[in-house]
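Descriptive analysis of the structure
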Amino acid sequence: MSRIVYVNGEYLPEEDAKISVFDRGFLFADAVYEVSAVIDGKLIDNAAHLARLTRSMNELKMTAPATGEEITAIQNQMIERNGIDEGLIYLQVTRGAADRDFAMPKDAAPSLVMFTQKKNLTGNAVAGKGISVITVQDIRWKRRDIKTVALLPASMAKQAALDAGANDAWFVEDGFVNEGSSNNVFIVTEDGKIITRHLGNEILSGITRKTVLELAKRENLVIEERAFTPEEAYEAREAFATSASAFVMPVVKIDGHILGNGVPGPIAEKMRKLYIEMAKAG
Ligand code: PDD
């Protein structure tokens with residue numbers, strides 16, 4: 001059965017969902033997006049995702065296509081129309097269609113597109129084993145705090161990881177780890193401290209990152225928000241990545257260095273469990 005896709009006010013079968021070739025999302029990656037998780041038919045941390053969407057649009061002086069309330073209502077319609085019990089809802093806002101010009105059009109009507117993906121997020125078997133990652137040079141632009149659809153470097157990094165027999169890539173810049181191809185990353189030191197890079201234009205301010213740090217504080221775990229090197233990561237007791245699509249994903253190998261016993265560490269497992277419990281509780 002074909003999915004129902006939302007395009008600018010219409011709910012359409014996916015084959016009929018179309019955007020102009022002059023859309024600036026297509027021509028200039030002049031578009032921002034959000035991915036929210038759905039568990040038991042309910043959106044997880046969605047208000048924070050929509051707040052970040054507003055920030056991304058503001059940073060690019062993009063006109064909002066709808067209010068947060070309207071967007072939430074469409075997201076819920078999409079969950080219902082596509083029968084999503086568990087999975088993802090993707091939404092994208094573009095500056096709209098205009099004749100190709102590097103100057104930004106003043107009067108283009110922004111586009112809003114949404115689609116859903118059914119996925120077993122809470123019972124993801126990969127999380128039970130953990131993943132391996134390689135480090136790659138961070139060749140992305142300098143405003144990674146804005147969630148734009150200019151994802152080619154991230155896609156190249158992910159593919160390089162798969163080609164190397166790993167599962168994902170971590171971006172390294174000036175000798176320090178920034179984040180994963182589509183997630184924020186954490187290590188746990190020998191003395192049990194959780195380290196994750198401080199926020200800034202160099203990384204995306206992850207919604208899952210924020211919630212996981214709050215949960216860790218509640219557990220009285222020690223957190224340090226600072227940059228760390230790949231070498232420090234190789235020596236870590238454990239590591240994990242966070243995102244709306246994978247929640248908390250244990251990392252067991254970095255550039256061939258096996259962490260701990262090569263299985264998901266206790267803090268990663270605990271944070272995954274706490275995150276899912278919190279999400280389910282709403
Ligand atoms: N990616 N960093 C990058 C570069 C990301 O693309 C993402 C999310 C994150 C984690 O952010 P959050 O916890 O808010 O999902 C960090 C989404 C899932 C994606 O592109 O599919």
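The model shown is predicted, which means the values in this text are computed figures rather than measured ones. (Residues numbered from 1 in each chain as written. Predicted model: local features only at pLDDT ≥ 70, side-chain atom pairs only at ≥ 80, totals over all residues. Heavy atoms only, no water.)

Before going further, it helps to examine the packing of aromatic side chains. Under the criterion given, the structure shown has seven aromatic pairs. Relative to F240, the ring of F186 lies with its centre 4.6 Å away and its plane at 10°, an arrangement referred to as stacked. Here F240 lies in strand β13 (residues 238–243) and F186 lies in strand β10 (residues 184–188), a separation of 54 residues in the sequence. Directly above the aromatic system of Y11 lies the positively charged group of R81, at a separation of 3.9 Å from the ring centroid. (Phe/Tyr/Trp six-rings, centres within 6.5 Å; stacked < 30°, edge-to-face > 60°. Helix = DSSP H or I, 4+ residues; strand = E, 2+ residues; numbered from the N terminus. Lys NZ or Arg CZ within 6 Å of the ring centre and 35° of its normal.)

The subject of this paragraph is the site of the ligand. Around the ligand sit 19 residues in total, of which Y33, R52, E179, T208 and A244 are the nearest. In this structure, an oxygen atom belonging to the ligand sits 2.8 Å away from a main-chain N or O atom of A244. When the ligand is considered free in solution it has 470 Å² of accessible area, and contact with the protein chains removes 90% of it. Considering only residue class, the shell around the ligand consists of five nonpolar, ten polar and four charged. (Near = heavy atom within 4 Å. Polar contact = N/O pair within 3.5 Å; in protein donor to acceptor, adjacent residues only side chain to side chain. Areas by Shrake-Rupley, 256 points an atom, 1.4 Å probe, with all protein chains shown as cover. Nonpolar A, V, L, I, M, F, W, Y, C, P; charged D, E, K, R; others polar.)

Let's shift gears to the environment of I207. With respect to the helices, strands and loops of the structure, I207 is situated in helix α6 (residues 207–218). Taking the relative accessible area as the measure of exposure, I207 reaches 11% and is therefore buried. Each C-alpha atom, one on I207 and one on F28, is 26 Å from the other, the two residues being 179 residues apart in sequence. With sequence-adjacent residues up to four places away left out, I207 is seen in contact with D45, A48, H49 and R52. (Buried < 20%, exposed > 50% of the residue type's maximum accessible area, 1.4 Å probe, protein only. Contact = heavy atoms within 4.5 Å.)

Moving on, we come to unusual backbone geometry. In this model, K61 sits at a positive phi of 50°, which is unusual for a non-glycine residue. Within the secondary structure, K61 is located in the loop between α2 (46–59) and α3 (68–81). Owing to a relative accessible area of 71%, K61 belongs among the exposed residues under this scheme. Even without being glycine, F247 reaches a positive phi, approximately 55°. With respect to the helices and strands, F247 occurs in strand β14 (residues 247–254).

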